[in-house]
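Structure at a glance
One letter stands for each residue in the lines below.
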Amino acid sequence: MGAEKPIKCLAITSKDGQLEDWEYTPEPLKPGDVDVRVLYNGLCHSDLHVWREDWGPCPFPMVPGHEVVGVVEEVGSSVNHLKKGDLVGVGWFRDACLECDACVKGDDNVCPNGVGTIMGGQKGGFAERIRANAALAQLIPPEIDPAEAAPLLCAGITVWSPISRYVTRSGMKVGVVGLGGLGHLALQFASAIGADVYAISGTASKEKEARGFGAKHFQKIDDVPDKTLDVILNTTPGGIKCADLVNKLTYNGQLVYLGGGTDKVDVLAFDLILAQRSISGSATGGRALFREMFRIAGLHNVRPLIEKIPISKANEAVEKLTNGNVRYRIVLETGDYFKNK
Ligand SMILES: [Zn+2]
Ligand SMILES: [Zn+2]
C-alpha cells in the first residue's frame, strides 16, 4: 500500500482556540474500514465540552464532528455490506472490537475497546474525509435527507436509546426536560410511539414548537404535580436538582440523565425505595439501536429542525451555539471548502 494521502480538516489546537485549517495523515486503511467523504456535520455541545476540557484533558490538535454524514469513497478488503457511493453516518464512536459481549449484542457503544470519534480519537468529521470501522458506519435510509440525518447520529440515538428501553407502553407519561438539540427530538420520538409527552421548560416562547413536536403538555418543572411521570429524560446541560426531578416520578418511575454529566445525583434513598423509583444514565447507542432509530425516524417522520451553515463559517456557528441562539441544531455543510485548500 502506498503512502496515505493527508486528510484536510479543521482543528482546534488549544483549549481557548478557534477552528483553523489543519491536516493529518491517517493510519493505513484496515481491511474492515471505510473512508467516507464528508457532506455534513451536526454541531453538538459535546464537541465544545471536549476541546474546552470540561470532561478532562484533551490531546490537541482535535478535529471536532461526531454527527458525520457522507458518502463511502473507499472500502477495506473485508467489507461486504457497504460499497462506494453508499450514504452513511458516523456517530460518537468510529471503532469498536466487534468481539466482546457488548459488541456481539450490537451494543458497541459500551465496548471497552471502543475508539471515540472525537474523544480518544480526536479525528472527527470537520474534514474532507473520515476513516471508520465499516461496522460503525450506519447506512442512512433514502427517505431521510442527508443533512437532517446528521443530528440523528448523536442527538437522535441518545434520546431513542432510553425511550426504546423505558417507554414500553402507549400512554406512559414521559417528561422531557430541556428543549434543545436532544429535547426536540425526544418529544418527537416519544410521541411517535404513543407516549403522553410533557415538554418541561422555562422558556415560554418554545411552547408552540414543543406542541408541534408532539408535546401534549408544556410546563415548568415546578408546575408538574409530584408523582406524575413514568419516565423523565433530563437533556439539560446541568443545574437542576436531582431531588426536584425524582419527586415528579410516579411509582416505578425512571429518571434518565442524558446531560448534566457534572451534576451531583443527590437524593434521599427513601425517595427511591418507597416508590421503587430508579435513576440511570444513558449515552448514544449501538448498531442494533441505530437501525431501529433510523427505521422509527423514517416511519414516523421524526426529523431534527436544522439550520445549515457552510463549514467556512464554523467559528461563527460555534459562537452561536455558545450563546444559546440555536433552534434546534446547526448542521455544517462541507461543500467545496477543502477542495480549495
Ligand atoms: Zn467490543
Ligand atoms: Zn453529540
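For clarity, every value in this text was computed on a predicted model and none was experimentally measured.

1. Observations regarding helix α9 (residues 314–322)
Restricting attention to buried positions, one finds in α9 the residues Ala 314, Ala 317, Val 318 and Leu 321. Looking down the long axis of α9, one finds its buried residues gathered within 100° of arc, a one-sided arrangement. Close packing links the buried residues of α9 with β1 (7–11), β3 (33–43), α1 (45–51), β16 (306–310) and β17 (329–333).

2. Thoughts on the packing of helix α3 (residues 146–166) against helix α4 (residues 181–192)
One can describe the packing of α3 onto α4 by two numbers: an axis separation of 9 Å at closest approach and a directional angle of 50°. Classified by the interaxial angle, the pair formed by α3 and α4 is oblique. The two elements α3 and α4 cross, and the hand of that crossing is right-handed. Residues Pro 151, Leu 152, Ala 155, Gly 156, Thr 158, Val 159, Trp 160 and Ile 163 of α3 pack against Gly 181, Leu 182, Leu 185, Ala 186, Phe 189 and Ala 190 of α4. Residues belonging to the contact of α3 with α4 are distributed by class as follows: 11 nonpolar, 3 polar and no charged.

3. Remarks on the coordination of the zinc ion (ligand 1)
Taken together, the protein ligands of the zinc ion (ligand 1) are Cys 97 (SG), Cys 100 (SG), Cys 103 (SG) and Cys 111 (SG), with distances of 2.3 to 2.4 Å. Metal-centred angles of 104 to 119° between the 4 donor atoms at the zinc ion (ligand 1) mark the site as tetrahedral. In primary sequence terms, the donor set of the zinc ion (ligand 1) follows C-x2-C-x2-C-x7-C.

4. Overview of the domain arrangement of the chain
Along its sequence, the chain is carved into domain 1 (7–139 + 305–333) and domain 2 (155–281). Taken residue by residue, the interface counts 5 residues in domain 1 and 10 residues in domain 2. Roughly 740 Å² is buried in total at the junction of domain 1 and domain 2, and carbon and sulfur atoms are behind 51% of that figure. Three residues stand out in domain 1 for area buried against domain 2, namely Leu 305, Arg 327 and Tyr 328, and they jointly supply 71% of the buried area on that side. At the boundary of domain 1 and domain 2, one finds 1 salt bridge. Glu 209 is the salt-bridge partner of Arg 327, the closest N and O atoms lying 3.6 Å from each other. Considering only residue class, the side of domain 1 that touches domain 2 consists of 2 nonpolar, no polar and 3 charged.

5. Focus: the nonpolar core
Counting 46 residues, the largest nonpolar core has Ile 163, Leu 187 and Phe 189 as the members making the most contacts within it. Of all the secondary-structure elements, those providing two or more residues to this core are α3, β10 (173–177), α4, β11 (196–200), β13 (229–234) and α8 (287–300). Counting residues per element, this core draws most heavily on α3, at 10 residues. If you count residues domain by domain, this core takes at least three from each of domain 1 (7–139 + 305–333) and domain 2 (155–281). When near neighbours in sequence (up to four residues on either side) are disregarded, Phe 189 contacts Leu 152, Gly 156, Val 159, Trp 160, Ile 163, Met 293, Ile 296, Ala 297 and Val 302.

Thresholds, definitions, all that
- Residues numbered from 1 in each chain as written.
- Chains lettered and ligands numbered in written order.
- Predicted model: local features only at pLDDT ≥ 70, side-chain atom pairs only at ≥ 80, totals over all residues.
- Heavy atoms only, no water.
- Buried < 20%, exposed > 50% of the residue type's maximum accessible area, 1.4 Å probe, protein only.
- Helix = DSSP H or I, 4+ residues; strand = E, 2+ residues; numbered from the N terminus.
- Arc of directions from axis to C-beta.
- Contact = heavy atoms within 4.5 Å.
- Axes fitted to C-alpha atoms, helices over the stretch in contact; angles between N-to-C directions.
- Parallel < 35°, antiparallel > 145°, perpendicular 65-115°, else oblique.
- Left-handed = near helix turned anticlockwise from the far one by under 90°.
- Nonpolar A, V, L, I, M, F, W, Y, C, P; charged D, E, K, R; others polar.
- Donors = N, O, S within 2.8 Å, 3.2 Å for Na, K, Ca; no water.
- Tetrahedral: all angles 85-135°; square planar, octahedral: opposite > 155°, others 65-115°.
- Domains from an automatic or database assignment.
- Buried area = accessible area lost by both parts, 1.4 Å probe.
- Salt bridge = Lys/Arg side-chain N within 4 Å of Asp/Glu carboxyl O.
- Core = buried A, V, L, I, M, F, W, Y, C linked by side-chain atoms within 4.5 Å.

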